[in-house]
Amino acid sequence: ALEHLKTKTSYILRFGDNTVYNITLSSVLQHHSHAVNSVRLFEDKTSSEADPLHRLTLLSSSLDFTVCLCKVDPGSGIWLVETTLGEMKGNKHSFFGAEFLNENQIFAYTYNGAFHRWDYENGTWFTKPCVTGHFDEVPDLDWDPYRDYLVSTSKDQTTRVYTNCRKMDRWCEISRPQVHGYDINCIAFLKSINTQNGDTEFKYGAHIVSGADEKILRIFDPPYSFVKAANKYNED
């Protein structure tokens, strides 16, 4: 009697206890631009939504460097992409998996072994410090002169900056100034040079210099976004 429901987008599942399910395609979410590695369905049991479908959130992770959250649109009843999270750049941030920790926290991990966490606060998802560290040999590291920041470089082809996050009372990674295609062998904070009245004065600056296998030295200046983040983490 149910055979007429069988189409290219509708299926009939029968079980031994005479239970029958009709599964019909509802939406095609064409948002990711590369392979999707994981999907998770989460029900927010704290939500005041009367329709159980509107309490659901679909979480997907992809090799296109993004994690997406999809929800049902109350007006049309169609699944739509609500939020896209991720680095959106580089070549080492392909996500292999993502999970809900609860209705307000997401945890994800990437191709190069990095962990990412986002918290939902006041209607917006914010990046939060997470467990982190190099996953290969660390040939060099250096302190800034005031011992506020530690920079390290690794055979995992990344350079990372750590500081003591006073709000959380622990050290954490706050930046990756270099995600490279070659093994990075050495790193140092760079002295700046000020010339006044013919005299040369050497001072430590916030610049760092690194050397990699392709025989090139690279110097990095701290962008405004890094300075802003560093000040935030070091607030008392």
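Residues numbered from 1 in each chain as written. Predicted model: local features only at pLDDT ≥ 70, side-chain atom pairs only at ≥ 80, totals over all residues. Heavy atoms only, no water.

**Describing the sheet that holds strand β11 (residues 140-143)**
Alright, step 1. Taken together, the four strands give an open sheet; going across it, the order is β11-β12-β13-β14, and neighbouring strands pair in antiparallel fashion. Because the sheet does not close on itself, it has two edges, and the strands there are β11 and β14 (170-179). Across this sheet, the average inter-strand angle for adjacent strands is 20 degrees, counted without regard to direction.
Alright, step 2. Bridge count for strand β12 (residues 149-153) against strand β13 (residues 158-165) is five bridges, and the pairing is antiparallel. (Pairing = 2+ DSSP bridges. Helix = DSSP H or I, 4+ residues; strand = E, 2+ residues; numbered from the N terminus. Axes fitted to C-alpha atoms, helices over the stretch in contact; angles between N-to-C directions.)

**Brief notes about the confidence of the model for the chain**
Alright, step 1. On average, residues of the chain carry a pLDDT of 81, and 86% of them reach 70 or more.
Alright, step 2. Note that residues 200-204 has pLDDT below 50 and, in this model, 16 contacts with residues that lie over four places away or in other chains. (pLDDT = per-residue confidence, 0-100. Contact = heavy atoms within 4.5 Å.)

**Concerning the side chain of Arg 160**
Alright, step 1. Relative to the assigned elements, Arg 160 resides in strand β13.
Alright, step 2. A relative accessible area of 1% means that Arg 160 is categorised as buried.
Alright, step 3. Side-chain polar atoms of Arg 160 contact the side chain of His 134, separated by 3.3 Å.
Alright, step 4. In this structure the side chain of Arg 160 is engaged in a polar contact, spanning 3.3 Å, whose partner is the side chain of Glu 173.
Alright, step 5. Dropping the residues within four chain positions of it, Arg 160 is found in contact with Thr 132, Gly 133, His 134, Phe 135, Leu 150, Val 151, Ser 152, Glu 173, Ser 175, Arg 176 and Pro 177. (Buried < 20%, exposed > 50% of the residue type's maximum accessible area, 1.4 Å probe, protein only. Polar contact = N/O pair within 3.5 Å; in protein donor to acceptor, adjacent residues only side chain to side chain.)

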